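Okay, here's what each chain looks like letter by letter:
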Amino acid sequence: MLRTSCVLLAAASVCGGLMAQSNSRGPGYDGALYEISSANAWGRRGPAYPGGEVGVSFENGLCNPGTMNLAWYAADNDPNGMDEDHPKFGFLVAKEENGRLVQISDWSFCKHAFVSTNTPGSCGNCGNQPWAEQMFVGCSDIYSYANNGSRTYLGPPSEINPWLGTWEATGSYFDVGFPANGSPTDGVKGSITPTDAVMNRVTIQESDIVGGLNSGMYFQIQVLHEGEPVTNRANNVMSRPFGLSYIAGGWSASTQGSPTFGSILTRWPGATLTSGQNGNDDGRFFVAVKVSGPVQGFWHYEYAVHNLDNHRGGASFRLPLCSTARVQNVFSRDIDKDPLNDWTMSRVGDEIAWTAPAGNPQNWNTLFNFAFDCDVAPGAGNATIDQARVGPGALTVTVPTTVPSFQPAIHITGGCGTPSCLLLAQDLPTTGNPNFTIRAESDPFVPLAVFFSLPGIDYAYTPQCHILIDLNAYNVFPLTSTDPSGVALIQTGVDPTWPDITFQAATLIPNPPVEGLVGLSNGITVRYNGTSCP
Ligand SMILES: [Ca+2]
Ligand SMILES: [Ca+2]
Ligand SMILES: [Ca+2]
Ligand SMILES: [Ca+2]
C-alpha cells in the first residue's frame, strides 16, 4: 500500500527519497548468519601443481532473529516445481598480497538453500519445529561444507539479483542442467553431473597459494534473502581466516580464528572502510583505502572495492585528481587473470578513472583493486562508480572516502647537470607549520643554494636547463650542502600571508652547464595558501 501511494506521488517528487527498496517485506524480515566455519578442500584439477586449481567449500549457520518467518522454498521438482524464493549464499576468498587484500576465488557459484531444519537456539529459541520450506522466527539451521559443496544446488551468481535477492528459475542453469538435459526452459530442474571435484565449487588458482597459505587468507559468506530490507543486512555477511596446505600431492584446508560480521574488507589491516549505494534502487559498493607517504613527494593510494549487493555492477572507478598532479605506478586488478580484459586508466580534467572494457564489469560478490602514486596529499572526497548495466536508479554510485585532495607543490621540469638534484616538498605547507621544509636530493656533499621567487618564469637556457626563478626579483637561502646521504633540508616555515612561491636549487658540480658556474634542480611551486588543486 505504501509503495503504491509513493508511486502515485512520485511525479511530484514528494516521497522518492523515502521509498524503500521495491520488494522490502518490512523491518521484521531479517535472516542472519551466526557462524561460518569448516573450510574444506575437495580436490584439484588442471595442469600439474602449481598450475591447476582447487575446489573448496565452507559451512554457515543461519538463523531468524526477526519477527517474520523466512521463505525457504526449494528449487526442486516437488509438485510446486522450482521455487525461487529461498536464501542464496555467495562465497568469496581473499588474501593479503603486497600490502593489498585481493580476491583469489572465482566469481563463485552460489548456494540455493532448500530447507530449514528449524533447530532451536543460536538466535532465540523457537521450540520444537519441523523441517520446513521456511525458517520460523527464532529458529536456526546449519549448512555444512558438504551441503554447500553439493553441485545439485550451486548456481551461477550472474542469475541472482543481489539487491532484491531474486532469481528466475525458468531458463536458469538448473533448468538447463549439466550436461544439458531435458528442456532448458520448462522450469523443470535438470540433473547436474560434475566432471571433477572442483567444478562449480569455490575455485582458487594454485598459483595464488603456492606452497600452501596459512596466514593472511580469509573466506566470506554472504546470505541473500529475497525482500530483506537493506537495514537488516548487517548480519548477513561474515568473514573468517583459514588456511590451505599442500600435502602429499593434495590440498587440505584448516579453519582459523573467529568469524566477524562485515565485508571481507574489514580484514585488511589499517584500511578505512566506507560504502555507498544507488539510493533505494540498487545495492552497495564498499571502498577500503590506505594512503601512505609521501616518499619523494609521492603519496601511495591503495583502494579495494567490494561490490556487496549492487546488481547493475561497476563500469568504472573514478577519483578526483588535480590535472597538475604527477602520477606513477598505476595499478588495477580484476579477478580473472586475463590481461586482455583489464580495466584501463585515463586522466581527464581533474579526475583519474579506471574503466571496464565490455564484458568485464565489477559484479556483486567481487573485490577489485586500484592503486597509484601521486604528488597530491589525501583528504576527504568522493569516489564515483558508474553503473555497468541499465536498470532502476541513478547512473552512478558515490562513495565518500579518502582521495587525493591538496597538491602542496607543483613539480616543474628543467633541471640539468650531473649529479642531478631533485627538489621536493618534505611535508605539507599548511598554515602555521613552522617546520615546513624543502628537501633537495642529490649525491653526498653537493654544495647548493636554494633560490625562490614568485612563480611564472621559465627561461630555457638550453633545451635541458630551465631557469625557473625570476632573476629580477628573487631571494636565496644561504649556501648549504647535501649530507652523507645526499639530502639537504631547507626549513621555510609557513606564514598564512605568503603567496605561491617557486623554489629552484643551483648546484656547484663538476662541468656546470649554466654559464660554467652551476647546475640546476627542477623547480617546485609551493602552494602556501593552497587547499585543493591549483
Ligand atoms: Ca519447489
Ligand atoms: Ca528443464
Ligand atoms: Ca539480516
Ligand atoms: Ca582481467
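Residues numbered from 1 in each chain as written. Chains lettered and ligands numbered in written order. Predicted model: local features only at pLDDT ≥ 70, side-chain atom pairs only at ≥ 80, totals over all residues.

Peer 1: What should I look at first to understand the overall build of the protein in this one?
Peer 2: Looking only at helices and strands, the protein has 3 helices and 38 strands in total. Each principal axis of the C-alpha distribution contributes one length, and for the protein these read about 95 × 70 × 40 Å. When burial is assessed residue by residue, the protein has 44% of its 534 residues classed as buried. When contacts within the protein are restricted to residue pairs at least 6 apart in sequence, those whose partners lie at least 24 apart make up 69%. (Helix = DSSP H or I, 4+ residues; strand = E, 2+ residues; numbered from the N terminus. Buried ≥ 20, exposed ≤ 12 C-beta atoms within 10 Å, placed from the backbone. Contact = placed C-beta atoms within 7 Å.)

Peer 1: Help me understand the environment of Ile412 in this model?
Peer 2: Turning to its location among the elements, Ile412 is positioned in strand β28 (residues 409-412). Residues Ile412 and Phe503 lie 91 residues apart in sequence; the distance between their C-alpha atoms is 9.8 Å. Beyond its immediate chain neighbours, meaning those up to four positions away, Ile412 contacts Leu468, Asn522, Gly523, Ile524 and Thr525.

Peer 1: When you look at the sheet that holds strand β30 (residues 437-441) in this model, what are you seeing that I'm missing?
Peer 2: Sheet strands pair by backbone hydrogen bonding; their relative direction is either parallel or antiparallel. If you trace the 3 strands from one edge of the open sheet to the other, you get β29-β30-β36, paired in antiparallel fashion. A single partner strand is all that each edge strand has here, and the edge strands are β29 (422-425) and β36 (487-491). On average, each strand axis in the sheet is inclined to that of its neighbour by 20 degrees, with strand direction left out of account. Pairing between β29 and β30: 4 bridges, direction antiparallel. Each bridged residue has a counterpart across the sheet, and for Leu422 the counterpart in β30 is Glu441. (Pairing = 2+ DSSP bridges. Axes fitted to C-alpha atoms, helices over the stretch in contact; angles between N-to-C directions.)

Peer 1: Hey, could you run me through the environment of Gly138 in this one?
Peer 2: Take Gly138: it is sitting in the loop between β8 (134-135) and β9 (139-143). Between the C-alpha atom of Gly138 and that of Asn118, which follows or precedes it by 20 residues, the distance is 8.5 Å.

Peer 1: Could you clarify how one ought to interpret the nonpolar core in this entry?
Peer 2: Generally speaking, a soluble globular protein has its nonpolar side chains buried in company with each other. The biggest cluster of nonpolar side chains holds 92 residues, and the ones touching the most others in it are Phe219, Ile221 and Val287. A domain split of this core shows at least three residues from each of domain 1 (23-267) and domain 2 (272-404). Apart from residues lying up to four places away in sequence, Ile221 is in contact with Leu33, Ile36, Phe58, Asn60, Phe89, Phe91 and Met238. With 27 residues, the next largest nonpolar core counts Val450, Phe452, Ile490 and Ala505 among its residues. (Core = buried A, V, L, I, M, F, W, Y, C linked by C-beta atoms within 7 Å. Domains from an automatic or database assignment.)

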